[in-house]
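Listed here are the chains, written in short residue letters.
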Amino acid sequence: MSAFTDARAISHAIVAAHGLRFGAATAAAISAGRFSSDEPVYRGAKQACTALGFIAIDAECLARAWQAQAMRTGAFDANQWPETPADFGLRAFPPTERGDAFAPCPERLGLYAVLPDAQWVGRMARAGVPTVQLRFKSDDAATIEREVHAAVDAVRGTDALLFINDHWQAAIAAGAYGVHLGQEDLDALAPAQVQQIRDAGLRLGVSTHGYAEMVRADAVSPSYIAMGAVYPTTLKRMATAPQGVARLAAYARLLRGYPQVGIGGIDAMRLPEVLATGVGSVAVVRALVAAEDPETTAAQWMAAMSAASA
Ligand SMILES: Cc1ncc(COP(=O)(O)OP(=O)(O)O)c(N)n1
Ligand SMILES: Cc1nc(C(=O)O)sc1CCOP(=O)(O)O
Ligand SMILES: [Mg+2]
């Protein structure tokens, strides 16, 4: 570590080692914003991660992990991208061992169809898709309740695991398999409401869009963590830039042991490189809903995923 007391040299070494896969910004002077510590490894890593295109909260999270890794190993190694949960302040995985864990789900959720209504949920469940989600956007409580119940009814008699997006109270009332919540959804809940979902025995999936959100998600010990958007998507407006497959692979290594889901802009051409990252599940909307023959497309994707995990 003695050779690495110079933050500038540390920053250059990290960018040289990882610029190719993450894509280094070319601007000579990129501001890393505020520094929360004077440690050279932390400062150099924050500068480097900013130059590698990570948003401020993720550059901060990564820089602290680089610093923790150097302290833990007694050396700074620019080639060793942080991927040890403890360096990010995370508890050991899988979360099922923890007292606050949500009910577990399979580590490999396989093809995960995110669908706009109960009719689509039933259709994809009957096509053999192993994991389905009702992503029904409405502000009307009675309409939501009806659609959630219809989705639960629609998967009956199939093996599909049904997650309900957003509408956690209706999901509990209808006896769904699980709930999927985004970061803002989670922020809007009081701890007692999160506990209500846990106590009801429903599984919880949480959306993440980078390292800081992964740390936030892990704090509630969810059943799975979704990572996106891997590629650009036209389905909804995203607050963050697409992550790309190199970052997805780094996230998957950090979260190994967690059921992981990749989402956002995944199509048949991109499927192999997404599967190569090791994520056990690929979630899609348009690839199925906009397909000419959704049943055949689902069968092809399921076969490709089985072959990749064999
Ligand atoms: C599997 C999966 N991953 C991510 C999302 C996105 O959820 P969220 O951030 O809550 O955004 P909306 O879907 O509610 O717009 C998801 N639905 N499913
Ligand atoms: C609903 C959703 N959530 C995302 C996230 O990154 O959190 S990406 C996404 C859209 C996925 O749709 P498609 O497969 O059609 O791109
Ligand atoms: Mg949501």
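Residues numbered from 1 in each chain as written. Chains lettered and ligands numbered in written order. Predicted model: local features only at pLDDT ≥ 70, side-chain atom pairs only at ≥ 80, totals over all residues.

What about the overall build of the protein chain?
Move 1: Check the secondary structure of the protein chain and you find 13 helices and eight strands.
Move 2: For 310 residues, the compact-globule estimate of 2.2 N^0.38 gives 19 Å, and the protein chain sits close to it at 20 Å.
Move 3: Dimensions of the protein chain, computed from the C-alpha atoms along their principal axes, are close to 65 × 45 × 35 Å.
Move 4: Here the protein chain holds 310 residues, and 48% of them are scored as buried.
Move 5: In the protein chain, of all internal contacts separated by at least 6 residues, the share reaching a separation of at least 24 is 59%. (Helix = DSSP H or I, 4+ residues; strand = E, 2+ residues; numbered from the N terminus. Rg over C-alpha atoms; globule rule 2.2 N^0.38 Å. Buried ≥ 20, exposed ≤ 12 C-beta atoms within 10 Å, placed from the backbone. Contact = placed C-beta atoms within 7 Å.)

Some points on the site of ligand 1
Move 1: Near ligand 1 there are 18 residues, and of these Gly-182, Ser-207, Ala-226, Ile-263 and Ala-283 occur at the shortest range.
Move 2: When residues of the shell around ligand 1 are traced back to their parent elements, those giving at least two are strand 1 (110-115), strand 4 (178-181), strand 5 (203-208) and strand 7 (260-263).
Move 3: Class assignment of the residues belonging to the shell around ligand 1 gives a composition of seven nonpolar, seven polar and four charged. (Near = placed C-beta within 6 Å. Nonpolar A, V, L, I, M, F, W, Y, C, P; charged D, E, K, R; others polar.)

Some remarks on the domain arrangement of the protein chain
Move 1: When its domains are assigned, the protein chain resolves into domain 1 (7-88) and domain 2 (95-309).
Move 2: Taken together, the contact pairs 11 residues of domain 1 with 10 residues of domain 2.
Move 3: Elements with a minimum of two residues in the side of domain 1 that touches domain 2: helix 1 (7-22) and helix 3 (56-73).
Move 4: The dominant element in the side of domain 1 that touches domain 2, judged by the number of residues it contributes, is helix 3, at four residues.
Move 5: Residue classes in the side of domain 1 that touches domain 2 are distributed as eight nonpolar, no polar and three charged. (Domains from an automatic or database assignment.)

Regarding unusual backbone geometry
Move 1: Of the consecutive residues Phe-93 and Pro-94, the connecting peptide bond is found in the cis state with omega at -10 degrees.
Move 2: When you line up the elements, Pro-94 lands in the loop between helix 3 and strand 1.
Move 3: Following Gly-228, the chain continues into Ala-229 via a peptide bond in cis, with omega recorded as -20 degrees.
Move 4: Residue placement: Ala-229 occurs in the loop between strand 6 (224-227) and helix 10 (244-254).

Some words on the site of ligand 2
Move 1: Among the 16 residues in the neighbourhood of ligand 2, the closest are listed as Gly-228, Thr-233, Gly-264, Val-285 and Arg-286.
Move 2: The residue makeup of the shell around ligand 2, split by class, is eight nonpolar, six polar and two charged.

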